[in-house]
There are 2 protein chains.
Amino acid sequence: MTESIKSKIRTIPDWPKKNIMFRDITTLLKSPDGLKETVDLLYNRYADKKIDKVVGIESRGFILGAPLAYLLGCGFVPVRKPGKLPAECESEEYSLEYGKDKIEIHKDAINKGDKVLIVDDLLATGGTMNAARNLVKKLEGEIVECAFVVELPDLKGREKIKGENIFSIVKFEGE
Amino acid sequence: MTESIKSKIRTIPDWPKKNIMFRDITTLLKSPDGLKETVDLLYNRYADKKIDKVVGIESRGFILGAPLAYLLGCGFVPVRKPGKLPAECESEEYSLEYGKDKIEIHKDAINKGDKVLIVDDLLATGGTMNAARNLVKKLEGEIVECAFVVELPDLKGREKIKGENIFSIVKFEGE
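Conventions used here
- Residues numbered from 1 in each chain as written.
- Chains lettered and ligands numbered in written order.
- Predicted model: local features only at pLDDT ≥ 70, side-chain atom pairs only at ≥ 80, totals over all residues.
- Heavy atoms only, no water.
- Pairing = 2+ DSSP bridges.
- Helix = DSSP H or I, 4+ residues; strand = E, 2+ residues; numbered from the N terminus.
- Contact = heavy atoms within 4.5 Å.
- Buried area = accessible area lost by both parts, 1.4 Å probe.
- Salt bridge = Lys/Arg side-chain N within 4 Å of Asp/Glu carboxyl O.
- Polar contact = N/O pair within 3.5 Å; in protein donor to acceptor, adjacent residues only side chain to side chain.
- Axes fitted to C-alpha atoms, helices over the stretch in contact; angles between N-to-C directions.

Caption draft 1: Representation of the pairing of strand 5 (residues 89–95) of chain A. Two strands pair when backbone bridges link them, and strand 5 of chain A and strand 6 (residues 100–106) of chain A are joined in this way by 7 bridges, in the antiparallel orientation. Within strand 6 of chain A, the position partnered with E90 of chain A by the bridge is I105 of chain A.

Below you can see the structure in the form of structure tokens.
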């Protein structure tokens, strides 16, 4: 299953800039089998974990997180860029290669003690996921795992989110 | 079902600016019943329509479009803001209240003759959906319907996408 998923991810060299090998999951998502295999693999992993909320990180995290929440019979919560969520928010700043960025979550999106699964497409340096887990912790959710489709182990993102359970479906390294 | 869905949508007055009644679907999505009712209603409507691709418009359209594609057993295709899709794109400009915006789709995302369902959260003035349907037409997809969770009939969005089948789950008008 993992090999079938990996084979459907397209690599775009030098995007968004020179020497980056961009892993493009749109080719996986547009394939009926690819979408099904990916969502089913995640669903099977979490089906008995009594998840209360799936948190998806804007915006590719929405594409995997929403079907997963549906199948798990739980709620879906978006973590978004600033200025997108209309009600009261917690926010968390994080560093980029140059400069800073910020993400937000609605304060009423997670209840204290909720079992939360956080989903994003890519674990690279881990900065975004680290900010997302801090948001969930501010709301006193219990993080069951941080799940990704693709991991780039060379960038050591796992170190940034140390202390959490971490799962990725496919890894690309040393290329 | 529709009333149950409508009751879970929160209204935020004066957001993002004065005199706008913002219809916030995050309260619907975080409810396990709300997410399930919404996705199931759309699934039941399209189950026998032989859809090849569900196109979701960034980024709330991803949250409804992806579970729907999964259930329909078809592929999911994101329409995104410029600079987000790494492969060759078609793009389409559209007018906002002040200025212009642009959305893009991968050229290889839709095959000629594909039966396409386009999904977004909100039909307001219809500008974004009109641009999205033009993108699908450029790729010679056959648009089965344009589907929304919320429609604001006062803004006459249906006129902007005349010629297409249009479906919305709930309407808010004259408020």
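Caption draft 2: Looking closely at the interface of chain B and chain A. Each partner contributes residues to the interface: chain B has 40 residues there, and chain A has 40 residues. For the chain B and chain A pair, buried surface summed over both sides reaches about 3200 Å², with 62% attributable to carbon and sulfur atoms. Together, K30, Y70 and P86 of chain B form the three largest contributors to the area buried by chain B at its contact with chain A, with a combined 23%. At the boundary of chain B and chain A, one finds 4 salt bridges. Notably, a salt bridge pairs R10 of chain B with D108 of chain A, separated by 2.6 Å at the nearest N-O pair. Between chain B and chain A we count 16 residue pairs in polar contact (both at pLDDT 80 or more) in total. Mapped by element, the contributors of at least two residues to the side of chain B that touches chain A are strand 1 (10–13), strand 2 (21–24), helix 2 (26–29), helix 3 (32–46), helix 4 (60–72) and strand 4 (75–79) of chain B.

Caption draft 3: The side chain of E58 of chain B, seen in detail. By the secondary structure assignment, E58 of chain B is in the loop between strand 3 (53–57) and helix 4. There is a polar contact of 3.2 Å between the side chain of E58 of chain B and the side chain of S59 of chain A. If near-sequence neighbours (up to four positions away) are discounted, E58 of chain B is found in contact with S59 of chain A together with V79, R80, K81 and K84 of chain B.

Caption draft 4: Spotlight on the sheet that holds strand 3 (residues 53–57) of chain A. Residue and element names in this part refer to chain A. The 5 strands lie next to each other as 4-3-7-8-9, forming an open sheet whose pairing is parallel. Looking along the sheet, the strands with just one partner apiece sit at the ends: strand 4 (75–79) and strand 9 (166–171). Strand-to-strand, the axes of this sheet are offset by a mean angle of 20°, without reference to chain direction. Across the sheet, helix 4 (residues 60–72) lies against strand 3, strand 4, strand 7 (115–123) and strand 8 (142–151), angled at about 165° from strand 3, the strand it touches most.

Coordinates in, geometry out; function isn't part of it.
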